[in-house]
Amino acid sequence: MRDQGSLRARHDRRLQDLKSRRSRWESHWRELAEYVSPKRWRDESRDDTGADKERQKILDGSATLALRTLASGMHSGITSPARPWFRLATLDPDMRENGEVRTYLQQVEDRMRHVMATSNLYRGFHSGYADLGLMGQFAGLLTKDDTHYVSLMTFIHGEYWIANGLDGRAETLYRRCRMTVEQMMRRFGTRCSNTVQNMYARGQYDERVTVYHAVERRHDRDPSKPDKRNMPWLSNYWEEGSTGDKMLEESGFRSNPILAPRWLTIGSDEYGQSPGMEALPDVKGLQIKEQRKLEAIDKMVRPPMKGPTSLKNEPKSLLPGSITYVDDPNGQGYTPAMQVTLRIAELAADIQETRDRINRAFYADLFMMLQNLEGVQPRNVYELTKRQEEQLLQLGPVLENVYYELLEPPINTVFEACNEARIL
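Residues numbered from 1 in each chain as written. Predicted model: local features only at pLDDT ≥ 70, side-chain atom pairs only at ≥ 80, totals over all residues. Heavy atoms only, no water.

Side chains of Ile297, Met300, Val301 and Ile344 sit close together on the surface and give an oily, nonpolar patch of about 350 Å² of accessible area. Looking at the nonpolar patch, the element that brings in the most residues is helix α8 (residues 275-301), giving 3 residues. Here Val301 is to be found in helix α8. (Patch = residues over 30% accessible without salt bridge, like charges linked within 9 Å, V, L, I, M, F, W, Y side chains within 5 Å. Areas by Shrake-Rupley, 256 points an atom, 1.4 Å probe, with all protein chains shown as cover. Salt bridge = Lys/Arg side-chain N within 4 Å of Asp/Glu carboxyl O. Helix = DSSP H or I, 4+ residues; strand = E, 2+ residues; numbered from the N terminus.)

A few words on the pairing of strand β1 (residues 140-145). Of the strand pairs in this sheet, β1 and strand β2 (residues 149-154) are connected by 6 bridges, and their pairing is antiparallel. In the strand pairing of β2, Asp145 is matched with Tyr149. Turn length for the β1-β2 hairpin, with the two strands adjacent in sequence and antiparallel, is 3 residues. (Pairing = 2+ DSSP bridges.)

On the basis of which strands lie adjacent, the open sheet formed by 5 strands has the order β3-β4-β5-β6-β7 and antiparallel pairing. Single-partner strands in this sheet number two, and they are β3 (160-164) and β7 (249-253). Across the sheet, the mean angle from the axis of one strand to that of its neighbour is 20°, orientation sign disregarded. For strand β5 (residues 208-217) and strand β6 (residues 233-239), the ladder comprises 7 bridges, and the chain directions are antiparallel. Bridge pairing links His213 to Tyr237 in β6. (Axes fitted to C-alpha atoms, helices over the stretch in contact; angles between N-to-C directions.)

Taken as a whole and judged by the stated rule, the model has 12 aromatic pairs. With a centroid separation of 6.2 Å and 50° between ring planes, the pair formed by Trp29 and Trp41 is classed as tilted. With Trp29 in helix α1 (residues 4-35) and Trp41 in the loop between α1 and α2 (62-78), the pair connects residues that are 12 residues apart, well separated along the chain. Of the two residues, Trp29 and Trp41, both sit in the buried class. Each ring, one from Trp263 and one from Tyr363, has its centre 6.0 Å from the other, and the planes form 40°; the classification is tilted. Within this pair, whereas Trp263 is found in the loop between β8 (258-259) and α8, its partner Tyr363 is found in the loop between α9 (344-361) and α10 (364-373), the two being separated by 100 residues in sequence. Looking at Tyr363, the relative accessible area reads 24%, which means it is partly exposed. Ring pairing ties together the aromatic residues Trp25, Trp29, Trp41 and Tyr271, which thus form one cluster. We note Arg169 situated over the ring of Tyr404; from NZ or CZ to the ring centre the distance is 4.0 Å. Positioned over the ring face of Tyr237 is Arg187, at 4.7 Å from the centre of the ring. (Phe/Tyr/Trp six-rings, centres within 6.5 Å; stacked < 30°, edge-to-face > 60°. Buried < 20%, exposed > 50% of the residue type's maximum accessible area, 1.4 Å probe, protein only. Lys NZ or Arg CZ within 6 Å of the ring centre and 35° of its normal.)

As structure tokens, this is what we get:
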């Protein structure tokens, strides 16, 4: 009989350690979200609807558009579903020259691309590229699915914690998820706490409950038992604040399902650096410049006015075409309290220079150049692909991280899923 108490306590301790290690990144991520894309950060203390995430600090959306260009450019340039973006080969060089082997591999590639296209992988990739560009990190769980063979569950910054293994890839992922009472009862049944079961009995189906989910190596498994509680990778759920030590679910995976690529890494950091971090000073400065420009224009169009005290509490209007009769011995009437002379050309040039730096930080200029290549003759697909690859080489080690941490695991998982389903 497994000690449920020690398992729950160990998960709680590990979670607190992971929270402590991630805490130094959180203020930076929160600031990036506030100035570029508010929905890409989720505070642990708030609900997960994102309704309170308003774009209050974004007056100029240049960074948001640059991030969108980066995500679309990465997706179309690296993993476009419209063209083959990966190749299968054998380690044996002699077999590579065998016609039947090449034919077989081509057919396997076609089948794998069809499986990817019918799953949610490409939607997950696009979301992942945006997270990589803004936060430097993307996280999800890549699992095998009975319907579509594979499925990718993606997470939002702030709701997960990770730790890496010896090879630099993520081997531990803890996440916080908000589930409705109905979802919990359908998933976990009577293993839910009495509080959840009572809410379900009262018809409070849409009340939300916090649940934690841990995925990591299982260190106390019995390899002779093939059940889910003894798989190499555990997948355990427990309810926040529930009394006792019971788990909602103990399950597992045969292989590491964690997908957590980083844009760039420094040393042994679990979390990555991003273009958004480089662009943040310019993004914040751009908002200040935009605010000052709007204030100056407003003062030119509607300047603050001054007038004689004799007009106080008298009928008056500053609307176009209106008349205010003034019995003023000085003949001044209303006059502007200040004169604003805005040098629009110089300010616009300074703002455009800041926007250009933001576009360069997010590689938006590079990806717009790739888009323009598609209209350049000749329109040969192979040649265009080669040109795009040459331009993408400017990303340097970023592509190595993307290939190693983001693309290689799904290719292997899709092949395994297709092979197990006997569709190859």
